[in-house]
Amino acid sequence: AGYSNLEYDLSTGKRGSRTARVEELLKELTGAEGAFAVNNNAAAVFLMLSVLTPGMGVAISRGELVEIGGSFRVPDVMARSGARLVEVGATNKTRLSDYERVLESGQAQALLKVHPSNFKVVGFTQEVGVEELAALAARYGVPLLCDLGSGALGPGPWPQDYPTVQKWGAAADVVCFSGDKLLGGPQAGILVGKGEIIRRLKTDPLARALRLDKLSLAALEATLLDWRDGEAVPTLAMLEMSQKELRQKAEGLAALLAPLCPCEAVETAGEAGG
C-alpha cells in the first residue's frame, strides 16, 4: 500500500537497522538487554554456537540431543558450527554433577540446554533446571546457551509448566526460539540475552547470510504488537478452539465436500505441529 522504511530511520533521515523495531518489542516483552532475529531457529542455534563457541567443548545432556524438523539433529548443527559436542548424563537422567565434571576436567568451556519441545520422557527421569545451570556456569565463568525451541511469551493452551522465554532468559546468557510455533508469528529464529553477547551475534558476518526479509519482519512485528497489546494472536485463537467449534468447522467442510466426495466429520485425536 505504500513505501517501506526498512533500514531507514525516519526520525534522523539516516540509515538504520532493519531489525530495530522487532528488537525493541522483544526487549520490552522479555526484559532482555538485547535481541536479534534471523530466518529460523536452526539458524539462530547455528549463529549462537558459531560465534560464541567455535572450537570449544559444549556440554549438553544426552536426553537433549533431539531431532528437529526435516530430520536435522542438534549434534549435526553443533558439529557444523565448529563447536565440539560433550555429552553428559544419560538419556533419562542427567545431574548437575555431570556438567560439573566436564567443566572441572576442562573438557567443556560452555553449557547448552535444549528444550525437547515436542516430546516428553516420563518415569525414571531427572534433568537439571536452567537456574541451577546458570549458577554452575557463573561459578566456572562459562556461558550458558539455551535453545527453547517453541518459545512462548506467556501462558496459553499448553502445559502450565512449559517454560517461558522470560523464565529461561532471566538465567541464561542467551536464549533462542522460533518466531512461529507457540509465538504464532512467521518463520523466524529469535535470540534474546545479554547486550554484549547479542551485539557480537548481530555484527558477525554470518548474521548477514541468515537475515530476515522485510515481509517476515513486518509479520513478526505485527505478532509482537499483538502480544504486547493483549490482542488474540491467530495461532493461539486456533489452539484454544473448543471441541464444539472444531466440530462445527469440520461439519461445514464436510457439507461443502459431500457433492464431490461423500464424507462425514468424525472425532479423532491429533497433536498440533509447527
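Relevant structure appears above.
Note that the structure is a prediction, hence the values are computed from the model and not measured.

Observations regarding the overall build of the protein
Next, step 1: Helix and strand counts for the protein come out as 11 helices and 9 strands.
Next, step 2: For a compact globule of 274 residues, the expected C-alpha radius of gyration is about 19 Å, and the protein comes in at 21 Å, within 12% of that figure.
Next, step 3: Here the protein, with 274 residues, has 41% of them falling under the buried criterion.
Next, step 4: If you take every contact in the protein between residues at least 6 apart in sequence, the share linking residues at least 24 apart comes to 71%.
Next, step 5: When the accessible surface of the protein is totalled, it reaches about 14,800 Å², and 53% of it is carbon and sulfur.
Next, step 6: Considering the protein, the positive charge centre built from 28 side chains and the negative charge centre built from 33 side chains are found 5 Å apart.

Observations concerning the sheet that holds strand β9 (residues 189-193)
Next, step 1: Spatial strand order, β3-β9-β8-β7-β6-β4-β5: 7 strands in an open sheet with mixed pairing. Two strands bound the open sheet, and with one partner strand each, they are β3 (34-38) and β5 (84-88). Taken over all neighbouring pairs, the strand axes of this sheet differ in orientation by 20 degrees on average, direction set aside.
Next, step 2: This element, helix α2 (residues 41-52), spans β3, β6 (110-114), β7 (144-149), β8 (174-178) and β9 of the sheet and lies at about 160 degrees to β8.

Some thoughts on the side chain of Arg 18
Next, step 1: Within the element layout of this structure, Arg 18 appears in the loop between β2 (14-15) and α1 (20-30).
Next, step 2: Its relative accessible area of 17% is what places Arg 18 among the buried residues.
Next, step 3: A polar contact is formed between the side chain of Arg 18 and the backbone oxygen of Leu 212, at a distance of 2.5 Å.
Next, step 4: Beyond its immediate stretch of four places on either side in the chain, Arg 18 contacts Leu 6, Glu 7, Arg 211, Leu 212, Asp 213, Lys 214 and Leu 217.

Focus: the packing of aromatic side chains
Next, step 1: This structure, assessed with the given rule, holds 0 aromatic pairs.
Next, step 2: The ring of Phe 124 carries Lys 93 above its face, with NZ or CZ at 3.9 Å from the centroid.

Points about the nonpolar core
Next, step 1: Counting residues in each nonpolar core, the largest one holds 46 residues, and the members touching the most others are Leu 111, Leu 144, Val 192, Leu 220 and Leu 224.
Next, step 2: Judged by nonpolar contacts, the second largest core, of 29 residues, contains Val 77, Ala 83, Ile 197 and Leu 201.

So, the packing of α1 against helix α9 (residues 214-229)
Between two packed helices, the angle of one axis relative to the other and the distance separating the axes together describe the packing.
Next, step 1: In contact at an axis separation of 10 Å, α1 and α9 are set at 25 degrees when each is read in the N-to-C sense. In terms of axis orientation, α1 runs roughly parallel to α9. Note on packing geometry: the crossing formed by α1 with α9 is left-handed. Of α9, the residues touching α1 (which contributes Arg 21, Val 22, Leu 25, Leu 26, Glu 28 and Leu 29) are Leu 217, Leu 220, Glu 221, Leu 224, Leu 225, Trp 227 and Arg 228.
Next, step 2: In terms of residue class, the contact of α1 with α9 is made up of 9 nonpolar, no polar and 4 charged.

Here's the deal with unusual backbone geometry
Next, step 1: Notably, Glu 7 is not glycine yet its phi reads approximately 60 degrees, a positive angle.
Next, step 2: You can see Glu 7 is positioned in the segment before β1 (8-9).
Next, step 3: Although it is not a glycine, Lys 181 adopts a positive phi angle of roughly 50 degrees.
Next, step 4: By the secondary structure assignment, Lys 181 is in the loop between β8 and β9.
Next, step 5: When its relative accessible area of 30% is taken as the criterion, Lys 181 is described as partly exposed.

Observations regarding the environment of Gly 123
Next, step 1: Mapping Gly 123 onto the fold places it in the loop between β6 and α5 (130-140).
Next, step 2: On the accessibility criterion, Gly 123 (65% relative accessible area) is exposed.
Next, step 3: Taking the C-alpha atoms as reference, Gly 123 lies 27 Å from Ala 135; in sequence the two are 12 residues apart.

Some details on the side chain of Glu 23
Next, step 1: Take Glu 23: it is sitting in helix α1.
Next, step 2: Those residues in contact with Glu 23, other than ones at most four positions away along the chain, are Ser 17, Ala 35, Phe 36 and Lys 202.

Focus: the packing of α2 against helix α3 (residues 74-81)
Next, step 1: Closest axis-to-axis distance for the α2/α3 pair is 9 Å, and the angle between their directions is 45 degrees. Relative to α3, the element α2 lies oblique. Of the two elements, α2 crosses α3, and the hand of that crossing is right-handed. Between α2 and α3, the residues in contact are Ala 42, Val 45, Phe 46, Leu 49 and Ser 50 and Val 77, Met 78, Arg 80 and Ser 81, respectively.
Next, step 2: When its residues are assigned to classes, the contact of α2 with α3 shows 6 nonpolar, 2 polar and 1 charged.

Cut-off values and rules
- Residues numbered from 1 in each chain as written.
- Predicted model: local features only at pLDDT ≥ 70, side-chain atom pairs only at ≥ 80, totals over all residues.
- Heavy atoms only, no water.
- Helix = DSSP H or I, 4+ residues; strand = E, 2+ residues; numbered from the N terminus.
- Rg over C-alpha atoms; globule rule 2.2 N^0.38 Å.
- Buried < 20%, exposed > 50% of the residue type's maximum accessible area, 1.4 Å probe, protein only.
- Contact = heavy atoms within 4.5 Å.
- Areas by Shrake-Rupley, 256 points an atom, 1.4 Å probe, with all protein chains shown as cover.
- Lys, Arg positive; Asp, Glu negative; His and termini not counted.
- Charge placed at Lys NZ, Arg CZ, Asp CG, Glu CD.
- Pairing = 2+ DSSP bridges.
- Axes fitted to C-alpha atoms, helices over the stretch in contact; angles between N-to-C directions.
- Polar contact = N/O pair within 3.5 Å; in protein donor to acceptor, adjacent residues only side chain to side chain.
- Phe/Tyr/Trp six-rings, centres within 6.5 Å; stacked < 30°, edge-to-face > 60°.
- Lys NZ or Arg CZ within 6 Å of the ring centre and 35° of its normal.
- Core = buried A, V, L, I, M, F, W, Y, C linked by side-chain atoms within 4.5 Å.
- Parallel < 35°, antiparallel > 145°, perpendicular 65-115°, else oblique.
- Left-handed = near helix turned anticlockwise from the far one by under 90°.
- Nonpolar A, V, L, I, M, F, W, Y, C, P; charged D, E, K, R; others polar.

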